[in-house]
Amino acid sequence: MAKTRKPLNDVTARLRRPLALTWAGLTAERLVRAFWPVWSLLAGAAALAMLGVQDIASVESVWAAVLLCGLALVVFAARGVTRFRFPTWAEALARLDATLPGRPLAALADTQAVGAQDTGSQALWRAHQARMAARAAGAKAVEPDLRLSRQDPFGLRYVALLGLVVALLFGSVWRAGSVAEMVPGAGGGAALASGPTWEGWIEPPAYTGLPSLYLADQSGQIRVPEGSEITLRFYGEVGALSLNETVSGRAGDVPLATGTEQEFTIAQDGEMRIDGPGGRSWQVEAIADAAPDVRILENEAKTAFDGQMSQPFEARDDYGVVAGGAVFELDMDRINRRHGLSTEPEPRQAIRLDLPMPLAGDRSEFTETLIENLSEHPWAHLPVTLRLRVEDAAGQEGLSKPVEMDLPARRFFNPMAAAVIEQRRDLLWSRDNATRVAQVLRAVSYKPREGLFRSEKAYLRLRVILRQLEAMTDSGDGLNGDERDEIAQALWDLGVLLEDGDVGDALERMRAAQERLSEAMKNGASEEEIARLMQDLRDATQDYLRQKMQQAQREDPENSGDQQSAENMMQMNSQDLQDMMDRIQELMEQGRFAEAQQALEEFQQMMENMQVTQGQGQQGQSPGQQAMEGLAETLREQQGLSDQAFRDLQEQFNPGAQSGQSQSNEGQSGGEGRGQSHESQPGQGGQGGQQQGQGGEGQERADDQGQGGQQGAEGELADRQEALRRELERQRQGLPGLGGEAGEAARDALERAERAMEGAEEALRNDDLAGAIDDQADAMEALREGMRNMGEAMANEQNPGGQGDQQGAPGQAQADPLGREAGQGRRAGTQDNLLQGEDVYRRARDLLDEIRRRSGEGDRPDVERDYLERLLDRF
């Protein structure tokens, strides 16, 4: 038998370490499964004790919990002892053998039952034993299975462990000792043995944001805000420690100085001392909470065209301002008491508005703007006194110095509208003015002269209001408050209608202007008549846009600034509309009346169907966007000057050329200098357009006046170039601070543009038109580069994290800093939204063909042919 078990003994001797580890794992499994309730209960009880639950619970409940825990501990321990037994070596061997393929350890323990005397059978058996021994040699220790999900399906062990971790982090091991002090006689003995001790904290007011202070860690001098709470606890024999303090200012019913718990508030400077063994003393300095301060920034107040007031103010407090308000009080001493104001006014409460507070950030010092529209208030434009009030978290208030002003409100410039609004004010001033208001309004509207009312609707509305006012006044009860307010609102709406008209009136005026212009084109009107009618159309269009904007604000004031975005919607700003009208005027001046008529009809249809949104005008622009728009205007003016210099160069070398040839090169505009960009210099309005019309007269002037007349024209161009250079210098000096490489590159490019303009100016004064055109081309290229770099710098400032957010949604058109869609190549903008269809490409092809034709004519001067070749190389 010993012989048959020798192979197994040999293998187990080599596998002693894996077997020992497997046996230890089995032992751990049985210990965990038998005693996990014990250590879970101990962990939970320790967590509660270290968190100090026993200090806030009653003694009876604490001892009841201790007894229950002890009983449960005994039950769980007894249950674990009955279930636990140490594993045997054979169990460990079976666990290890079960993890091996073919159970080699069991095979090594087997004996040969058949063929023991047969030599072949014995050889086969030995081979089998050797194979099993090889497999057993690779055995490794089996990991124990410590999972308790079946025994603890609710995870109570994890709850106890989590509580213990929280207690170790936020509790104290020493607090568990207070449980033993609850045993009668035990706590006193321990305390007497260790001696009296104390602990204390200082908690500043929550609004200060300052941390709590542990008194034992503080030195002799302590500086804390007034209102800080001090908590002290004395341990040990009662009376061994006592408190003496002069910081609370308490009098009357004061707790005993030897009490085990002391709580009071710091109200003044003084001394705090703990007398007794281990006592300490401190000099406490109470930091007073300063009252907040607010100041009205008078010089920065603004009033918008619609009466919206913007009143900046500056507020500060040592710990932060929490709220504030503005109070407008009527200044009766400064009112000119005449007409309707001579009546004794009805009592009215002062105007009280809440001050805006920063939504985020530090409120200890900030600047904000009070924005409100008080145009409809009865005190509009009357003398008032403004005073601001701010409050801090401690309830202290700060008042600004009173500022005298007239209550900001909308102004009415239409005489009839101003009269209606004035009578409205008198009616709100006192209901005793009702009869006088009716008489005045009836007098000013009696046999109204032409133009006094914008429409019959306004006149009829006034007559209805008069009848209502007179009927209410003649009634037995007179005019009550609600009726007065109803009439006042009707008068306000009438005044706005008289001042602004409505969208329908503006639309009719715009349609009439478009019809007159269309008839002028059909009847072959002169250039002067077309120019005058185009100006009428521009004025009517601007009036219509203003009415449309005000209507949008009245109908939806919260969403009037939202940008409309739809797949099939075209977005245009005021400059795009201006460019479109310039294009119509160019087509008419070039004699292309059919195309001009079609463009005018498209413009009319677009204006009638448009939706006006804010955000493209000056009110919503940042300084960077305004600078970009100014540079774009400078670029257009420079393009116009370059076009005029090129036409003068043509006249100089081809005095017999027809003016129609120059018109094929975009007329007076060309490229990006389309429209009134030539005419925006002060004192030079209309010159750009007139010079084109005078292109055919250049030959006559050259024949009659010779070289002197040509030099006079070039001198005029030089003066315009100088004015444009000075304007660019002013714009460059007023650029907002832009950081980064893009901002520096933008400034360098604008400096190059200014130097190129200076070179063009000198060339023009020296009658070198070709050199001037080259310098002007360099200036325009530098301007485009500067605008491109400036746009990148502005984008980087708005999105410092990168370019990911700037790409927008897929398929969404990107806009440049001026709100226009991005251009192609080196273009500063695009006209794709304005001139669509085949006409754009046909005009581009015609222009390019004309340049190629002229460059191929050998009789043209070399300087002109060189310029044309440079144009072909660029485009």
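A brief look at the structure comes next. Residue positions within a chain follow its written sequence, with the count starting from 1. Given that this is a predicted model, residues contribute local features only at a pLDDT of at least 70 and side-chain atom pairs are listed and counted only at 80 or more, while totals for whole chains, interfaces and linings are drawn from all residues. The side-chain values count all of the structure's non-hydrogen atoms but skip hydrogen atoms and water molecules.

Most peptide bonds take the trans form, and the phi angle of most residues other than glycine is negative. The phi torsion at His339 lies on the positive side, around 55°, for a residue other than glycine. The backbone of His381 sits at a positive phi, close to 70°, despite the residue not being glycine. Relative to the helices and strands, His381 is located in the loop between strand E14 (365-373) and strand E15 (383-392). The buried label goes to any residue with under 20% of its type's maximum accessible area, the exposed label to any with over 50%, and the partly exposed label to all in between, with areas taken from a 1.4 Å probe on protein chains only. You can call His381 partly exposed: its relative accessible area is 29%. Helix numbering and strand numbering both begin at the N terminus, where a helix is a DSSP run of H or I of at least 4 residues and a strand a DSSP run of E of at least 2.

Where strand E1 (residues 197-203) meets strand E4 (residues 229-235), seven bridges bridge the pair, whose relative direction is antiparallel. Along E4, the bridge assignment pairs Trp198 with Phe234. Here, any two strands with at least 2 DSSP bridges between them count as paired.

With respect to the helices and strands, the residue Leu497 is situated in helix H13 (residues 481-500). Sequence separation of Leu497 and Phe453 is 44 residues, and the distance between their C-alpha atoms is 9.5 Å.

What follows concerns the sheet that holds strand E3 (residues 221-225). Ordered in space as E3-E8-E7-E5, the four strands form an open sheet in which the pairing is mixed. Every interior strand has two partners, whereas the edge strands, E3 and strand E5 (242-245), have only one. Each adjacent strand pair in this sheet contributes to an overall mean axis angle of 25°, direction not counted. Each axis is a line fitted through C-alpha atoms, taken for helices only over the stretch in contact, and angles between the N-to-C directions span 0 to 180 degrees.

This paragraph deals with the packing of aromatic side chains. Planes of paired rings set the category: under 30 degrees apart is stacked, over 60 is edge-to-face and the rest tilted, where pairs are Phe, Tyr or Trp rings (Trp by its six-membered ring) whose centres lie within 6.5 Å. Applying the stated rule across the entire model yields seven aromatic pairs. Taking the centre distance of 6.3 Å and the plane angle of 55° together, the rings of Phe35 and Phe84 count as tilted. Pair noted here: Phe35 is in helix H2 (residues 16-50) and Phe84 is in the loop between helix H4 (59-83) and helix H5 (89-98), with a separation of 49 residues, a long-range link. Ring plane angle 80° and centroid distance 6.4 Å describe the contact between Phe313 and Phe366, whose orientation is recorded as edge-to-face. Of the two residues, Phe313 is situated in strand E11 (residues 308-316) and Phe366 in strand E14; the sequence distance between them amounts to 53 residues. Phe366 carries the same exposure label as Phe313, and that label is buried. Within the aromatic cluster, the residues linked to one another by ring pairs are Phe35, Phe84 and Phe86.

As a further point, take a negative patch on the surface. Together, Glu203, Glu229, Glu261 and Glu263 give the surface a local cluster of negative charge. Within the element layout of this structure, Glu261 appears in strand E6 (residues 261-265). Since its relative accessible area comes to 52%, Glu261 is described here as exposed. Patch members must show over 30% relative accessible area and no salt bridge, and they are joined within 9 Å when carrying like charges or within 5 Å when they are nonpolar side chains of Val, Leu, Ile, Met, Phe, Trp or Tyr. Using the Shrake-Rupley algorithm and a 1.4 Å probe, accessible areas are obtained, with residue cover drawn only from the displayed protein chains. Counted as salt bridges are all cases of a side-chain nitrogen of Lys or Arg within 4 Å of a carboxyl oxygen of Asp or Glu. Only four residue types enter the tally: Lys and Arg on the positive side, Asp and Glu on the negative side, with His and both chain ends excluded. In plain terms, the charge of a residue is placed at NZ if it is Lys, CZ if Arg, CG if Asp and CD if Glu.

Before going further, it helps to spend a moment on a nonpolar patch on the surface. A cluster of nonpolar side chains, Leu48, Leu51, Val53, Ile56, Tyr158, Leu161, Leu162, Val165, Val166, Leu169 and Phe170, forms an exposed patch at the surface whose accessible area comes to about 1,100 Å². Among the elements of the structure, helix H3 (53-56) and helix H8 (156-170) are those that each provide at least two residues to the nonpolar patch. If you tally residues by element for the nonpolar patch, the top one is H8, at seven residues. Mapped onto the fold, Leu51 is located in the loop between H2 and H3.

The antiparallel open sheet is built from four strands, whose spatial order is E2-E1-E4-E6. Whereas interior strands pair on both sides, the edge strands pair on one side only; in this sheet they are strand E2 (213-214) and E6. The pairing of E4 with E6 spans five bridges and is antiparallel. Bridged to Glu229 within E6 is Thr265.

Between side chains of opposite charge, a pair can form as their charged atoms come close. With the rule as written, the count across this model stands at 38 salt bridges. Linking Arg33 and Asp145 is a salt bridge whose minimum nitrogen-to-oxygen distance equals 3.6 Å. Here Arg33, found in helix H2, pairs with Asp145, found in the loop between helix H7 (119-137) and H8; they are 112 residues apart in sequence, far enough to count as distant. Take Asp145: its relative accessible area is 28%, and that puts it in the partly exposed class.

This part takes up the packing of H2 against H5. Running from N to C, H2 and H5 cross one another at 105°; their axes reach a closest spacing of 9 Å. When the interaxial angle is binned, H2 and H5 end up roughly perpendicular. Here Arg16, Pro18, Leu19, Ala20, Thr22, Trp23, Leu26, Glu29 and Arg30 of H2 lie close against H5, whose contacting residues are Trp89, Glu91, Ala92, Leu93, Arg95 and Leu96. Each residue receives one of three labels: charged for Asp, Glu, Lys and Arg, nonpolar for Ala, Val, Leu, Ile, Met, Phe, Trp, Tyr, Cys and Pro, and polar for the others, Gly being one of them. When grouped by side-chain class, the residues that make up the contact of H2 with H5 number nine nonpolar, one polar and five charged. For classification, angles of less than 35 degrees are called roughly parallel, those exceeding 145 degrees roughly antiparallel, those between 65 and 115 degrees roughly perpendicular, and all remaining angles oblique. Should any heavy atoms of two residues lie within 4.5 Å, those residues are considered in contact.

With 19 residues, H7 extends 27 Å from end C-alpha to end C-alpha; this agrees with the ideal 27 Å at 1.5 Å per step. Of all the positions in H7, only Gln129, Met132, Ala133 and Ala136 are classed as buried. When H7 is viewed along its axis, its buried side chains cluster within an angular range of 105° and face the same direction. Those residues of H7 that are exposed and aimed more than 90 degrees away from the buried face are Leu124 and Ala134. Here a polar contact means two N or O atoms within 3.5 Å. Within protein one must be a hydrogen donor candidate and the other an acceptor candidate, and residues neighboring in sequence count only if both atoms are side-chain atoms. N-capping of H7 is provided by Asp118, with a side-chain oxygen placed 3.4 Å from the backbone N of Gly120. Each helix should span, by expectation, one fewer than its residue count multiplied by 1.5 Å. What the arc describes is the spread of directions from the helix axis to the C-beta atoms.

Let us now look at the packing of H2 against H4. Remark: H2 packs on H4, axes separated minimally by 7 Å, with the N-to-C direction vectors making an angle of 160°. If you check the angle between H2 and H4, you find them roughly antiparallel. The crossing of H2 and H4 is left-handed. Here H2 contributes Ala34, Phe35, Pro37, Val38, Leu41 and Leu42 to the contact with H4, which in turn contributes Cys69, Ala72, Leu73, Phe76, Ala77, Arg79, Gly80 and Val81. When the residues that make up the contact of H2 with H4 are grouped by side-chain class, the tally is 12 nonpolar, one polar and one charged. The crossing is said to be left-handed when, going from far helix to near helix, the turn is anticlockwise and less than a right angle, and right-handed when the turn is clockwise.

That is the geometry; function is a separate question.
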